[in-house]
Structures are given as C-alpha cells and as structure tokens.
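Given next are the chains, with one letter for each unit.
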Amino acid sequence: LRAEAECGALEARVAAVRPLLQKIEAREMLLRERMELEELKKDPSRLQGKGSYKQRAKEEKMQKRITEKLPQLTEQLVKLLRVWEEEQRQPFSFEGRSYLDSIRESEEDWKRFRATQAESRQRKKREDRESMRRSQLVLDEDAGRTEKPTRSRSVVQPQVRRAASAASRAQSMYVPSGSSGR
C-alpha cells in the first residue's frame, strides 16, 4: 500500500514535470539552432552557386523561429519555473543546476557574444579603412617618385609652334633688296 502511494506521488510529479521538460528541450534546441545559424553566417560563400536560394530559405526559417519562438518560450518557462519552485520550495534542476540560473546565464552569454561580434566588426572596418588609407599613401608616394616633371602644355601651344615654324620659313625665303644674290 505504501509503495503504491509513493508510486502515485512519483507519477503525479512526473506529470507535473513533463511539460516543463518539454519546454526546456524545445528551448535548448532553439539555443543550439541559434549558434548553428551564427556559424553558418560566418561563411559568405554559402549563398553563392547552385541551390543558394534553398540555403537562404533555410536560414530565414531558422531566424524566424529563433527571433519569435525563443523569447516567447523563455518567458513562458520563467513563469512556469517560478510557480513550480514556489510550490516545491526548491529550485528546478536541469542537468544538475537551477534552470532559472541557466536561463539567466545563457541570456547574459548571448548578449556578451553579440557585443563581441559587433566590436569585432567595428574593429575590422577600422582596420580595413586604415589599410586602405595606408595603401593610398604608398601609391601616392610611389606616384610622386616615378613621375617625371612634365612641361605644362596648353591648348594654345601647338598653335604657337605652327606660327613660329611659319615665321621661320618666311624668314628663310626673304631676300633683302639690294643684295645681288651671290
């Protein structure tokens, strides 16, 4: 009789815990999917070539699930876990630790991860700009060393040369009067 009572109590506890565990498993799956998506995004070639539209569609579905379902599921879990902990007067443990603490830590880790990524992108942009600036300075210096000074030529200069050439020919043809033409 006592064993049956304990068995009934355990079955009731399992029934109470099962929905929590299902939500926890769903959340953990979305967390893994979020990290998988971040890894996929690191490879820009994934969206090139044959079948890239399928990859893009897959990533868009993942992104939608993550941005819509993960916050909702987390909020639901927090509420359910608080109620459970009040009723049971102990933290709800998952994989050996309080799952509310796990939620808090995973959210903080995600914020740090995103901040680190943003800083990394900004640093890369600055480095790229600096590299481009240095490259341009080197090109400008090289151009200054290899260029020979050129004479300034205006549009009028060819006309001046033609006029001087014509004057020179005219002078050589001119024979002063009084000369016997030796």
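Look up: the structure comes first, before these words.
Fair warning: this is a prediction, and the values are worked out from it, not measured in the lab.

Some remarks on the packing of aromatic side chains
Moving on, step 1. Taken as a whole and judged by the stated rule, the model has 3 aromatic pairs.
Moving on, step 2. Summarising the aromatic geometry, the rings of tryptophan 84 and phenylalanine 92 are spaced 4.9 Å apart at their centres and angled 85° between planes, so their arrangement reads as edge-to-face.
Moving on, step 3. Classification of tryptophan 84 as buried rests on a relative accessible area of 8%.
Moving on, step 4. Ring geometry for phenylalanine 94 versus tyrosine 99: centroids 5.4 Å apart, planes at 85°, classification edge-to-face.

Thoughts on the side chain of serine 106
Moving on, step 1. In this fold, serine 106 is placed in helix α3 (residues 99-146).
Moving on, step 2. Classification of serine 106 as buried rests on a relative accessible area of 16%.
Moving on, step 3. Excluding residues that lie within four positions of it along the chain, serine 106 makes contacts with Arg27, Leu31 and Arg34.

Side note on helix α1 (residues 2-41)
Moving on, step 1. If you check α1, its first and last C-alpha atoms are 57 Å apart, about what 40 residues at 1.5 Å a residue would give, namely 58 Å.
Moving on, step 2. Considered for burial, the residues of α1 that qualify are Val17, Leu20, Ile24, Arg27, Glu28, Leu30, Leu31, Glu33, Arg34, Leu37 and Glu38.

Cut-off values and rules
- Starting from 1, residues in each chain are numbered consecutively following that chain's sequence as written.
- A pLDDT threshold of at least 70 governs which residues receive local features in this predicted model, and a stricter bar of 80 or more applies before side-chain atom pairs are shown or counted, although totals over entire chains, interfaces and linings include all residues.
- Side-chain figures throughout are based on the complete set of non-hydrogen atoms in the structure, without hydrogens or water.
- Stacked, tilted and edge-to-face are the three classes assigned to paired rings of Phe, Tyr and Trp, where Trp is represented by its six-membered ring and a pair needs centres within 6.5 Å; plane angles under 30 degrees give stacked, over 60 edge-to-face, the rest tilted.
- Each residue gets one of three labels from its accessible area relative to the maximum for its type: buried under 20%, exposed over 50%, partly exposed in between, using a 1.4 Å probe on protein chains only.
- Under the scheme used here, helices are H or I runs from DSSP no shorter than 4 residues and strands are E runs no shorter than 2 residues, and both carry numbers assigned from the N terminus.
- The contact definition used throughout considers only heavy atoms, calling two residues in contact when any of these lie within 4.5 Å.
- By this rule the span expected of a helix is its residue count minus one, scaled by 1.5 Å.

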